[in-house]
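The primary structure of each chain is shown beneath.
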Amino acid sequence: MEAIPQSERKGRLEALAPELIDELSVTSGRSRDLPALPDADRGVVMRFAPNPSGPLHLGHARAAILNDYYVRRYGGRYILRIEDTDPRRVDPEAYLSVQEDVDWLGLMITDIVYQSDRLDIYYRCCRDLITIGAAYVCTCDPGRFRELRLARKPCPCRENPAEENLSLWQKMLDGEFVEGEVTVRIKTDISHPDPAMRDFSLFRIVNSPIHPRTDATVYPLMNFSVTVDDHLLGITHVIRGKDHIANTLRQRYLFDYFGWVRPHYIHYGRMSISGVVLSTSGMREGIASGTYSGWDDIRLGTLRALARRGIRPEAVRNAMLDISIGETDISFSWENLYAHNKAIVDPEANRYFFVPDPVEFMIRDAPIHEAKALLHPNDPSRGYRALTCRGSIVIPRDELAGNAKRSMLRLKDLFNVRIEETDGHPVLVYAGDSLEEARKAKAPIIQWLPAEEKLPCVLHGQEGDCTGFCEPRVAEEIGNVVQFERIGFARIDLHTACGIEALFLHR
RNA sequence: GCUGCUAUAGUGUAGGGGCCAAUCAUGUCGGCCUUUCACGCCGACGACUGGGGUUCAAAUCCCCAUAGCAGCACCA
């Protein structure tokens, strides 16, 4: 199947099984293939490797979904690797929240690995490296080393014999050094044009805080643990952001020293995301100070915040696949995400009236009338909401405020009202049931609620809140996404003594 | 500053010498449908960063410029 180009598949399928064509377009949602991966035809082993410092956000989702896509496409294993080798950047609660977010995204994870379980493996590999003279224990002051590196000069420790390095390394493991005193460095090329490549660190000591999963004090730096694990876990392809390009180059030294075969690497470009807070530390501070209500505050870019607003994981997936793995820097488009989400949510969401900034009117000469508004216009079988008008209604204030020209309104699924003026105040007068007349008069068709049949409702948006009333039956939709007619989609979050709390999703 | 990566419509993307006066999606605008400014349908709008070069032929290859981004941690 994979050997057949996407462009030819539909044609071939048409010849073989025409009845499946419809299914093809329904299930795919999007049709374009991502670029093929080299050496992938016999399956792949890939990984998603977050640092457990907080819940996952949109930035993580890209890496997670891109890798997931290829594992599904080629078959193989998908390893969730928890990179918790920096005690300072480990939030104990994040082990759980990362798992929850991975589940929400629906990743096809086959294995889970915690790097904090593998410290002994890293220690052994480091010992090997020191033994062959590829790494040394450096006792220089970090500032001093930086100067030397910039001057392309080796530090004195570089010349120490392997035996001495091995005993220093053992002393590190025995706890005879404290944080900052020593580091293990790899021997690269001390005059490499990129200073970032010159004898970078492999291990360091961290005395505090205590790691939630281990009592170790010697920790590998990312480039070391990543290299060892990528090899030992048999990773075939690595897809990650281009902020890792330098790391890929650094890891190459390690692969070469160990004599290991490198995986294939793809570095996608930077993705800027506007409108939400993304940095884990920024979010944590905001939550601590009370600026944000929690990790799922609607102003944050965490997956749980998106979920709370009513974004579906499939929409996130489709948006990320649209973006693909290009090396160009891009800006994430909420519009495109919303379009994907709307495609999923629109057929499902029941319709309701929400009247923001309401004003109450007694309609003169109004007959008592029950409106039957469909729960979904494209699916009458779901039934309708019955709203009885006994004369008093609420409508949005700006339906009367702005356009003085309007002389008639159509209350949706009810009847027409004429706008008259008495003593400078608008008055609504019953003007018949004819939809035709309303159309002829170009009367806007607006949402409304019976004055005695309404629930207080706050619609929380990212830019601020909007208060008003909604239909009582919205209380049955807790947790669901509904469409407030003429306003947009919203997820019904809570029903409290004060009324409904709804979260605006998108138009 | 040094090292490296990238550059197609508002946004995302396809195209990797002739099939490109450039694909698809989204968006915007107009129309149709419709008792929502939703959905659906039809149509329109809108881009190859600039300059050199190679070539019969360049969005596509090369060089320079410009711009953006990344890395230069005992973080990941």
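Our subject is the structure listed above.
Residues numbered from 1 in each chain as written. Chains lettered and ligands numbered in written order. Predicted model: local features only at pLDDT ≥ 70, side-chain atom pairs only at ≥ 80, totals over all residues. Heavy atoms only, no water.

Attention now goes to the protein's contact with RNA strand B. Around RNA strand B, 56 residues are found, and the nearest of them are Glu83, Arg204, Leu221, Asp346 and Arg486. Between RNA strand B and glycine 180, the relevant distance is 2.8 Å, taken from a base nitrogen to a main-chain nitrogen or oxygen of the residue. Arginine 507 places a polar side-chain atom, nitrogen or oxygen, 3.1 Å from a sugar or linking oxygen of RNA strand B. For the surface near RNA strand B, the class distribution of residues is 17 nonpolar, 13 polar and 26 charged. (Near = heavy atom within 4 Å. Polar contact = N/O pair within 3.5 Å; in protein donor to acceptor, adjacent residues only side chain to side chain. Nonpolar A, V, L, I, M, F, W, Y, C, P; charged D, E, K, R; others polar.)

Taken in spatial order, the three strands of this open sheet run E1-E2-E3, and their pairing is parallel. In this open sheet, the two edge strands, each paired with only one partner strand, are strand E1 (44–48) and strand E3 (111–114). In this sheet, neighbouring strand axes are inclined to one another by 25 degrees on average, regardless of whether the strands run parallel or antiparallel. Relative to E3, strand E2 (residues 76–82) runs parallel, the two being bridged by four bridges. Bridging across to E3, isoleucine 82 finds its partner in tyrosine 114. Of the strands in this sheet, E1, E2 and E3 are in contact with helix H4 (residues 94–105), which crosses E2 at around 150 degrees. (Pairing = 2+ DSSP bridges. Helix = DSSP H or I, 4+ residues; strand = E, 2+ residues; numbered from the N terminus. Axes fitted to C-alpha atoms, helices over the stretch in contact; angles between N-to-C directions. Contact = heavy atoms within 4.5 Å.)

Burial along strand E18 (residues 408–411) is two-sided: the face carrying Met408 and Arg410 and the face carrying Leu409 and Leu411 are both buried. Bridge analysis of E18 against strand E19 (residues 416–422) gives three bridges, and the strand direction is antiparallel. Its bridge partner being in E19, leucine 409 is matched across the sheet by valine 417. Following E18, the chain reverses through four residues before pairing antiparallel with E19; aspartate 413 in that reversal takes a positive phi of roughly 65 degrees. Of the strand pairs in this sheet, E18 and strand E21 (residues 445–446) are connected by two bridges, and their pairing is parallel. When the sheet's bridge partners are listed, leucine 411 is paired in E21 with isoleucine 446. (Buried < 20%, exposed > 50% of the residue type's maximum accessible area, 1.4 Å probe, protein only.)

On inspection of all chains with the given rule, the structure shows 34 salt bridges. The residue arginine 77 makes a salt bridge to aspartate 111 at a minimum N-O spacing of 2.9 Å. Taken as a pair, arginine 77 in strand E2 and aspartate 111 in strand E3 lie far apart in primary sequence, 34 residues in all. Take aspartate 111: its relative accessible area is 23%, and that puts it in the partly exposed class. Between arginine 213 and aspartate 84 there is a salt bridge, with its nearest N and O atoms 3.8 Å apart. Separated by 129 residues along the polypeptide, arginine 213 in the loop between strand E6 (201–205) and strand E7 (218–220) and aspartate 84 in the loop between E2 and H4 bring together distant segments of the chain. It is possible to trace a salt-bridge network through shared partners that takes in Arg385, Lys412, Asp413, Glu471 and Glu485. (Salt bridge = Lys/Arg side-chain N within 4 Å of Asp/Glu carboxyl O.)

Turning our eyes to something else, we now look at helix H13 (residues 334–345). The end-to-end C-alpha distance of H13, which contains 12 residues, comes to 16 Å, matching closely the 16 Å that a straight helix rising 1.5 Å per residue would cover. Among all positions in H13, only Trp334, Leu337, Tyr338, His340, Asn341 and Val345 are buried. Down the axis of H13, the smallest arc covering the buried residues is 160 degrees, so these residues share one side. Every exposed residue of H13 that faces more than 90 degrees away from the buried side is listed here: Glu335 and Ala343. In this structure, the buried side of H13 is in contact with helix H3 (58–74), helix H11 (303–309), helix H12 (313–323), strand E25 (481–484), strand E26 (488–496) and strand E27 (499–506). (Expected span 1.5 Å × (residues − 1). Arc of directions from axis to C-beta.)

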